[in-house]
Amino acid sequence: MENKGLLFIPDISGFTRFVNDTEIEHSRLIIQELLEILINSNQIGLEISEIEGGAILFYKYGGCPSLEELYKQAEKMFCEFQSGLSLYDHRRFCQCNACVSAIDLTLKIITHYGEFTGYNVKNFNKLIGKDIIVAHQLLKNDIAQHEYWLVTKSLVKDNSPADFAQWMTWNSSSQQTASGEIAFHYTQLSELKNEISAGPFKSLDVSKKTKMISLSREYRTDIITLFHAAGDFRCRSKWQVGVKKIEELNHFLPRVGMRCRFEMDNGEAIIYASSYTYHPERIEFSETDEKKQHSTCYLLEKTGENTTQLTLDFYLPKNFAYEKIFSLFYKKKMEKSFEKSLLNLSDLVRTLDFHIN
């Protein structure tokens with residue numbers, strides 16, 4: 001059995017403060033999503049030993065891989081991680097401390113080659129060996145900036161590693177461990193952020209739609225509480241008439257692009273969040289069915305210290321025949337349904353408290 005191999009540890013910098021200082025429910029979901037991004041970015045056949053807070057202990061038995069191969073893996077993980085954060089920050093709905101501060105998280109990566117082996121405890125597979133201890137102790141170093149790639153001398157054939165990018169600069173240091181002083185090289189990965197884009201973001205275009213229904217109601221609550229009551233899909237069955245159950249299809253946390261299956265009294269529909277803009281005194285968001293046959297836009301406006309007005313606009317694609325049929329046979333019934341829903345929302349907001357600290 002092989003007892004030598006690579007230890008590869010991506011560690012989320014800022015994890016402890018993030019978890020201690022933010023709401024546990026959303027911080028848990030954010031960290032879960034980021035860890036899954038790191039796992040899905042594995043392209044060199046790494047195995048997972050365990051997940052420890054914001055760090056993943058990857059390993060791979062066998063010969064010492066080339067630094068270029070390791071750099072490509074580190075680059076992919078770092079870029080995918082930062083891209084996921086940037087995308088979420090641009091498209092998130094939530095204004096809680098966890099969601100607002102998630103963009104401040106970053107990543108450092110420790111790579112070490114050494115001796116270790118595995119053992120089983122019940123259904124758990126664990127690694128053991130002096131180099132496992134070394135790799136973990138290397139996480140506690142004195143490098144000032146916390147978005148770097150660290151490689152120990154065990155992975156460096158020459159005196160210093162090669163530069164794999166024009167911006168790359170290597171520094172040398174060492175860390176005192178239980179096995180003695182371990183020398184290492186490190187390079188900051190911050191420059192990779194310049195290559196990351198959140199991608200194009202398009203707000204809902206209503207220029208080719210016709211507003212068929214518009215209703216407003218004022219609520220005795222703050223704008224954030226009303227937003228979470230109205231905008232959180234998990235609350236929808238508690239106030240919207242005809243909605244029995246909602247199943248989230250592709251995201252844990254609400255953001256532009258998330259899709260949900262609405263189970264309704266008259267069937268089911270796939271709805272996605274199609275736009276969102278935030279201002280402390282004005283929040284707009286919209287939902288569109290997957291076939292783009294209709295859109296519902298919500299406008300929340302702060303009208304007092306503890307009062308907020310919600311305006312609901314229902315749109316259909318511009319089509320004279322379609323609009324006429326809707327006006328004759330569906331409009332009045334849908335208006336009554338929306339009116340009852342907005343009334344139900346008044347009862348729901350009394351049970352919620354989403355004030356930003």
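Report on the accompanying structure. (Residues numbered from 1 in each chain as written. Predicted model: local features only at pLDDT ≥ 70, side-chain atom pairs only at ≥ 80, totals over all residues. Heavy atoms only, no water.)

Here 7 strands make up an open sheet; going across it, the order is S2-S3-S1-S4-S7-S9-S8 and the pairing mixed. Every interior strand has two partners, whereas the edge strands, strand S2 (47-52) and strand S8 (171-177), have only one. The sheet shows a mean angle of 25° between the axes of neighbouring strands, taken without regard to direction. Strand direction decides the pairing type here: strand S1 (residues 4-13) and strand S3 (residues 55-61), joined by 5 bridges, are antiparallel. Looking at the pairing, Gly5 lines up with Tyr61 of S3. Along the sheet, helix H2 (residues 24-40) contacts S1, S2, S3 and strand S4 (106-115); its crossing angle with S3, the most-contacted strand, is approximately 20°. Against the sheet, helix H3 (residues 67-91) contacts S1, S3, S4 and strand S7 (148-152), and its axis sits at roughly 150° relative to S4. (Pairing = 2+ DSSP bridges. Helix = DSSP H or I, 4+ residues; strand = E, 2+ residues; numbered from the N terminus. Axes fitted to C-alpha atoms, helices over the stretch in contact; angles between N-to-C directions. Contact = heavy atoms within 4.5 Å.)

Across the chain, the bulk of peptide bonds are trans and the bulk of non-glycine residues have phi less than zero. For Lys292, which is not glycine, the phi torsion reads 60° and is therefore positive. Mapping Lys292 onto the fold places it in the loop between strand S14 (282-289) and strand S15 (295-304). For Lys292, a relative accessible area of 52% puts it in the exposed group. (Buried < 20%, exposed > 50% of the residue type's maximum accessible area, 1.4 Å probe, protein only.)

For the rest of this paragraph, the subject is the pattern of salt bridges. Counted according to the given criterion, the structure contains 18 salt bridges. Between Arg261 and Glu268 there is a salt bridge whose closest N-O contact spans 3.5 Å. By relative accessible area, Glu268 is classed as exposed at 56%. Residue Arg282 is joined to Glu284 by a salt bridge in which the shortest nitrogen-to-oxygen separation is 3.3 Å. (Salt bridge = Lys/Arg side-chain N within 4 Å of Asp/Glu carboxyl O.)

The next subject is the packing of aromatic side chains. Taken as a whole and assessed by the stated rule, the structure comprises 19 aromatic pairs. Each ring, one from Phe233 and one from Phe262, has its centre 5.6 Å from the other, and the planes form 85°; the classification is edge-to-face. Residue Phe233 is located in the loop between helix H6 (223-231) and strand S11 (243-248), and its partner Phe262 is located in strand S12 (residues 259-264); the two are separated by 29 residues in the primary sequence. Phe262 sits in the buried class, given a relative accessible area of 4%. The interplanar angle of 10° and the centroid separation of 4.6 Å between the aromatic rings of Phe285 and Tyr298 together place this pair among those described as stacked. (Phe/Tyr/Trp six-rings, centres within 6.5 Å; stacked < 30°, edge-to-face > 60°.)

Bringing the sheet that holds S11 into the picture now. Strand pairing within a sheet occurs via backbone hydrogen bonds; the two strands may be parallel or antiparallel. Sheet architecture is open: 7 strands sit in the order S10-S16-S15-S14-S13-S12-S11, paired in antiparallel fashion. Both edges of this open sheet fall to strand S10 (209-219) and S11, since each of them pairs with a single strand only. For this sheet, the mean angle separating the axes of adjacent strands, direction not counted, is 25°. Packed onto the sheet, helix H8 (residues 331-349) meets S10 and strand S16 (307-317) and runs at close to 30° relative to S10.

Walk down a regular strand and you will see the side chains alternate between the two sheet faces. In this sheet, strand S9 (residues 180-188) lies alongside S8 in antiparallel orientation, the contact comprising 7 bridges. Among the inter-strand pairings, Asn171 is bridged to a residue of S9, identified as Tyr186. Here S8 folds back onto S9 in antiparallel fashion, the turn holding 2 residues.

So, about H2. Across its 17 residues, H2 extends 24 Å between first and last C-alpha, which sits within 8% of the 24 Å expected from 1.5 Å per residue. Taken together, the buried positions of H2 are occupied by His26, Ser27, Leu29, Ile30, Ile31, Glu33, Leu34, Leu35, Ile37 and Leu38. (Expected span 1.5 Å × (residues − 1).)

What describes two packed helices is the angle between their axes and the distance between those same axes. Where H2 contacts H3, the two axes come as close as 9 Å, and the packing angle between them is 145°. The hand of the H2/H3 crossing is right-handed. Contacts between H2 and H3 involve Ile30, Leu34, Ile37 and Leu38 from the former and Met77, Glu80, Phe81, Gly84, Leu85 and Tyr88 from the latter. (Left-handed = near helix turned anticlockwise from the far one by under 90°.)

The next thing to look at is the side chain of His26. Within the fold, His26 resides in helix H2. Aside from chain neighbours lying at most four places away, what touches His26 is Cys94, Cys96, Ala98, Cys99, Arg234 and Leu253.

Its place among the elements puts Pro65 in the loop between S3 and H3. The class for Pro65 is buried, based on a relative accessible area of 14%. Sequence separation of Pro65 and Met212 is 147 residues, and the distance between their C-alpha atoms is 63 Å. Excluding its chain neighbours within four sequence positions, the residues that come into contact with Pro65 are Leu6, Leu70, Tyr113 and Leu155.

Within helix H5 (residues 130-138), burial applies to Asp131, Ile132, Val134, Ala135 and Leu138. Seen end-on, H5 carries its buried residues on one side only, within an arc spanning 160°. Contacts made by the buried residues of H5 are with S1, S4, strand S6 (124-128), S7, S8 and S9. (Arc of directions from axis to C-beta.)

This brings us to the environment of Gly231. You can see Gly231 is positioned in helix H6. Along the backbone, Gly231 and Ala178 are 53 residues apart, and their C-alpha atoms lie at a distance of 52 Å.

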